[in-house]
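Summary of the model geometry
Residues per chain, in single letters:
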Amino acid sequence: MTRFLPLLLACAAPAQVLVLNDVNVIDGTGAAARPHMRIVVRGERIATIEDPARALPAGADVRDFRGMTVIPGLVDAHVHLTSGPGNEDQILKTLRFGLMGGVTSVRDMGGDDIVLAELAKIAADPKQAAPRIYYSTLVAGPQWFADPRAKASAHGLVAGEVAWMRAIDPRSDFAAVITAGKATGATGLKIYADLDAETVLKVTAEAHRQGLKVWAHAAVFPAKPSEVIADRVDVVSHSVYLGAEGMNPPVESYEAARRGQGIDYTRSPVDGKDMTVVLRLMEDMGSILDETLFVTNAGKRSDDDPIWRWTVAITRKAHLAGVPLAAGTDSFGNPGRDALPNIHREMELLVKECGLTPLEAIHAATYEGIRTVGMEKAYGTVEAGKVADLVVLREDPTSDITRTKGIVAVIKGGVVYQ
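In this text the structure is predicted, and so the values were computed from the model without any measurement.

Along its length, the chain carries 14 helices and 17 strands. Taken over the C-alpha trace, the chain has a radius of gyration of 21 Å; the compact-globule value for 418 residues is 22 Å, and the two agree within 12%. In the chain, which comprises 418 residues, the proportion classed as buried is 58%. Taking contacts inside the chain between residues at least 6 apart in sequence as the whole, the part at least 24 apart equals 73%. For the chain, the accessible surface area stands at approximately 16000 Å², while carbon and sulfur atoms represent 51% of it.

Between the first and last C-alpha of helix H9 (residues 273-285) there are 18 Å, a value that for 13 residues agrees with the 18 Å anticipated at 1.5 Å per step. Among the residues of H9, Met275, Val278, Leu279, Leu281 and Met282 are the ones counted as buried. Taken around the axis of H9, the buried residues stretch over an arc of 155°, which confines them to a single face. Across H9 from its buried face, at more than 90 degrees, point the exposed residues Lys273 and Asp284.

As for its placement among the helices and strands, Ile343 is situated in helix H12 (residues 343-352). Between the alpha carbons of Ile343 and Pro148 there is a distance of 26 Å; along the sequence they are 195 residues apart. Setting aside chain neighbours within four positions, we find Ile343 in contact with Leu74, Val75, Asp76, Val103, Ala327, Thr329 and Ala365.

With that out of the way, let us pick up the packing of helix H5 (residues 174-182) against helix H6 (residues 197-209). Put simply, H5 and H6 touch, their axes get as near as 9 Å, and they point 50° apart. Overall, the two elements H5 and H6 adopt an arrangement that is oblique. Once H5 is placed against H6, the crossing between them reads as right-handed. Along its contact with H5, which presents Phe174, Ala175 and Ile178, the element H6 presents Thr199, Lys202, Val203, Glu206 and Ala207.

On to the nonpolar core. Ile133, Trp144 and Ile191 are the most contacted members of the largest nonpolar core, which totals 96 residues. Sequence-distant contacts of Ile191, that is, excluding residues within four places in its chain, are made with Val139, Val200, Val203, Thr204, Val214, Trp215, Ala216, His217, Val220 and Val233. Formed by 19 residues, the second largest nonpolar core is a distinct cluster that contains Leu18, Val23, Val392 and Ala409.

Should their charged atoms come close, side chains of opposite charge can pair. Throughout the structure, instances matching the rule amount to 24 salt bridges. Arg403 is paired through a salt bridge with Glu395; the nearest N and O atoms lie 4.0 Å apart. For Glu395, a relative accessible area of 44% translates into the label partly exposed. Overlapping salt bridges bring together Arg345, Glu348, Lys352 and Lys405 as one network.

Turning our attention to the packing of aromatic side chains. Enumeration according to the criterion identifies 6 aromatic pairs in this entry. Taking 4.3 Å as the distance between ring centres and 35° as the angle between the ring planes, the aromatic pair formed by Trp144 and Tyr192 counts as tilted. Highlighted residues: Trp144 in the loop between strand S8 (132-140) and helix H4 (148-152) and Tyr192 in the loop between strand S11 (188-191) and H6, separated in sequence by 48 residues. Grouping aromatic residues by their ring pairs yields a cluster made of Trp144, Phe145, Tyr192, Phe221, Tyr241 and Tyr254.

Before going further, it helps to spend a moment on helix H11 (residues 306-320). For H11, spanning 15 residues, the distance from its first C-alpha to its last is 21 Å, which sits close to the expected 21 Å at 1.5 Å a residue. In this structure, the buried residues of H11 make contact with H9, strand S14 (288-290), helix H10 (293-298) and H12. For H11, the side-chain oxygen to backbone nitrogen distance between the N-cap and Ile307 is 2.8 Å, and the N-cap itself is Asp305.

Counting buried positions along strand S1 (residues 17-25) yields 9 of 9 residues, so the element is predominantly enclosed. When S1 meets strand S2 (residues 34-42), the two strands line up antiparallel, connected through 6 bridges. Within S2, the position partnered with Val23 by the bridge is Met37. Relative to strand S4 (residues 61-64), S1 is paired through 4 bridges, and the arrangement is parallel. Each residue of the ladder has a partner; that of Leu20, found in S4, is Arg63. Here 2 bridges tie S1 to strand S5 (residues 69-72), and the two strands are oriented parallel to one another. Paired with Val25 across the strands is Val70, a residue of S5.

Thresholds applied
- Residues numbered from 1 in each chain as written.
- Predicted model: local features only at pLDDT ≥ 70, side-chain atom pairs only at ≥ 80, totals over all residues.
- Heavy atoms only, no water.
- Helix = DSSP H or I, 4+ residues; strand = E, 2+ residues; numbered from the N terminus.
- Rg over C-alpha atoms; globule rule 2.2 N^0.38 Å.
- Buried < 20%, exposed > 50% of the residue type's maximum accessible area, 1.4 Å probe, protein only.
- Contact = heavy atoms within 4.5 Å.
- Areas by Shrake-Rupley, 256 points an atom, 1.4 Å probe, with all protein chains shown as cover.
- Expected span 1.5 Å × (residues − 1).
- Arc of directions from axis to C-beta.
- Axes fitted to C-alpha atoms, helices over the stretch in contact; angles between N-to-C directions.
- Parallel < 35°, antiparallel > 145°, perpendicular 65-115°, else oblique.
- Left-handed = near helix turned anticlockwise from the far one by under 90°.
- Core = buried A, V, L, I, M, F, W, Y, C linked by side-chain atoms within 4.5 Å.
- Salt bridge = Lys/Arg side-chain N within 4 Å of Asp/Glu carboxyl O.
- Phe/Tyr/Trp six-rings, centres within 6.5 Å; stacked < 30°, edge-to-face > 60°.
- Polar contact = N/O pair within 3.5 Å; in protein donor to acceptor, adjacent residues only side chain to side chain.
- Pairing = 2+ DSSP bridges.

Shown next, in the form of structure tokens:
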């Protein structure tokens with residue numbers, strides 16, 4: 001249980017008092033940048049945000065980032081860090097790559113919880129060069145566990161029978177399933193596929209009763225988006241799956257959808273009644289949409305691909321309807337291929353394709369991201385009393401979201417990484 005520790009250990013303890021002097025502050029709430037501010041960090045938390053003309057605290061470690069911009073640490077609300085035992089070296093490289101690329105927290109949406117539990121415990125330490133990790137326990141119908149990804153995440157055991165990846169049906173002992181899944185240290189329940197609406201309702205209610213967040217695919221096949229949302233899940237994933245709402249009869253299974261016998265988007269026009277009702281229901285229920293534009297864009301056949309254009313249009317409409325968006329990629333990034341984590345591209349797509357302002361995209365990738373895991377009282381915005389998970393940018397991204405790529409330093413719990 002300690003094989004990752006010597007490889008991740010990166011920094012000394014945080015300075016007792018850290019000062020970021022004369023910076024512009026984008027706090028992550030969507031509010032405009034505040035110029036010429038001083039951020040004082042004591043230990044792991046932000047103590048004050050004040051006028052830089054005030055006297056400096058005695059003995060402070062003063063970082064002069066004059067004219068630069070500070071935003072909250074980024075959150076990728078949809079990643080898959082593990083594919084089973086044996087890839088530890090790649091995981092470690094990916095985690096360091098993520099942190100140095102500005103990502104201070106991730107929500108893992110399905111993987112090997114034995115590995116994730118160890119990594120999450122280590123990564124909670126600010127001195128470890130890794131984003132904080134919040135992960136899921138997963139349920140699905142029995143047939144889904146033939147998927148090779150499920151087998152790869154079962155830690156050499158039987159997919160569908162391990163505590164963190166359980167096959168369920170309407171006769172399952174939901175209390176026992178959730179108790180076992182929660183014991184892995186998971187923050188939330190991931191409802192993946194091949195379940196009807198009644199089963200989704202029962203397992204969601206039990207997970208909430210036991211204090212877990214509930215995260216689900218927007219369509220659980222055969223459960224439709226409106227049914228999943230009405231069952232009171234906290235977060236739905238993949239804008240592209242919202243198109244299943246118009247399918248009558250419903251798509252019978254996840255595998256059917258993958259075989260091309262799935263969603264006919266002409267049956268779910270973005271401005272039609274079905275999608276209007278779904279988005280209104282999301283707003284009423286307070287559901288968060290983890291839109292995963294990056295992965296849908298990566299799979300498009302062309303810029304005019306009708307599925308991609310539908311996904312963009314429904315995400316734009318969701319935003320205009322007041323549905324909170326939490327930026328998630330479903331493809332964190334590869335340090336051997338990518339210059340930066342894909343959350344930067346996700347924010348670009350939100351701005352350039354879906355009409356968000358840069359400040360709204362930053363809000364989606366910070367505050368709304370951390371809200372998916374219920375940790376918004378401690379993280380997600382730049383304000384006194386919160387943990388100092390911050391990113392220092394060379395330029396203000398208010399008018400150009402691509403400026404989030406110009407990272408000068410990342411601060412995790414008061415520890416500076418440069």
